Amino acid sequence: MTHYTIDYGDLQEPEKARKALADIAEYLGAERFNKFTVERMKEPAMPRIGFIYAVSFGGVQGYPAHAWYEHIWQPTQHDMHVCDYYLHM
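Residues numbered from 1 in each chain as written. Predicted model: local features only at pLDDT ≥ 70, side-chain atom pairs only at ≥ 80, totals over all residues. Heavy atoms only, no water.

Bringing the packing of aromatic side chains into the picture now. Taken as a whole, this structure holds nine aromatic pairs when the rule is applied. Consider the rings of phenylalanine 36 and phenylalanine 51, whose centres lie 6.2 Å apart with planes at 45°: the pair is tilted. Highlighted residues: phenylalanine 36 in helix α2 (residues 30-41) and phenylalanine 51 in helix α3 (residues 48-56), separated in sequence by 15 residues. Assessed through its relative accessible area of 28%, phenylalanine 36 is described here as partly exposed. Aromatic pair phenylalanine 51 and tryptophan 68: ring centres 5.7 Å apart, planes at 80°, arrangement edge-to-face. With a gap of 17 residues between them, phenylalanine 51 in helix α3 and tryptophan 68 in helix α4 (residues 63-72) connect regions that are remote in the sequence. Looking at lysine 16, its charged tip hangs above the ring of tyrosine 63, at a distance of 4.6 Å from the centre. Over the ring of phenylalanine 36 we find arginine 40, and its NZ or CZ is 4.5 Å from the ring centre. (Phe/Tyr/Trp six-rings, centres within 6.5 Å; stacked < 30°, edge-to-face > 60°. Helix = DSSP H or I, 4+ residues; strand = E, 2+ residues; numbered from the N terminus. Buried < 20%, exposed > 50% of the residue type's maximum accessible area, 1.4 Å probe, protein only. Lys NZ or Arg CZ within 6 Å of the ring centre and 35° of its normal.)

In structure tokens form, the structure reads like this:
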């Protein structure tokens, strides 16, 4: 996912998020994607910015990383504020 740009502009939610998750699963492999997702779901939510930073090392960035976070944990109001701060710096 780091070597190309994906455009989700023509899609609306929730199709946009589903497509992003499918792209991640294709990129990482379904087994790795599912294992990581299930393991994270067992844990308390981590701050969005920490998750985005961590998955970027695996090549997942931008909207797909945010969609993956929301798939695992529903964002809190505090988390949205912190995330917006870092995205608009």
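Picking up where we left off.
With that out of the way, let us pick up the packing of α3 against α4. As a packed pair, α3 and α4 sit with axes 10 Å apart at the nearest point and diverge in direction by 125°. Compared by their axis directions, α3 and α4 come out oblique. Judged by the sense of rotation from one axis to the other, the crossing of α3 with α4 is right-handed. Across the interface between the two elements, Arg48, Phe51, Ile52 and Val55 of α3 pack against Ala65, His66, Trp68, Tyr69, Glu70 and Ile72 of α4. (Axes fitted to C-alpha atoms, helices over the stretch in contact; angles between N-to-C directions. Parallel < 35°, antiparallel > 145°, perpendicular 65-115°, else oblique. Left-handed = near helix turned anticlockwise from the far one by under 90°. Contact = heavy atoms within 4.5 Å.)

For the rest of this paragraph, the subject is the pattern of salt bridges. If you walk through the whole model with that rule in mind, you get four salt bridges. With its nearest N and O atoms 2.8 Å apart, the salt bridge here joins lysine 19 to aspartate 23. One end of the pair, lysine 19, and the other, aspartate 23, are both in helix α1 (residues 15-28), four residues apart, so they sit about a helical turn from each other. With relative accessibility at 39%, the residue lysine 19 sits in the partly exposed group. For glutamate 39, the salt bridge identified is with lysine 42, shortest N-O distance 3.3 Å. (Salt bridge = Lys/Arg side-chain N within 4 Å of Asp/Glu carboxyl O.)

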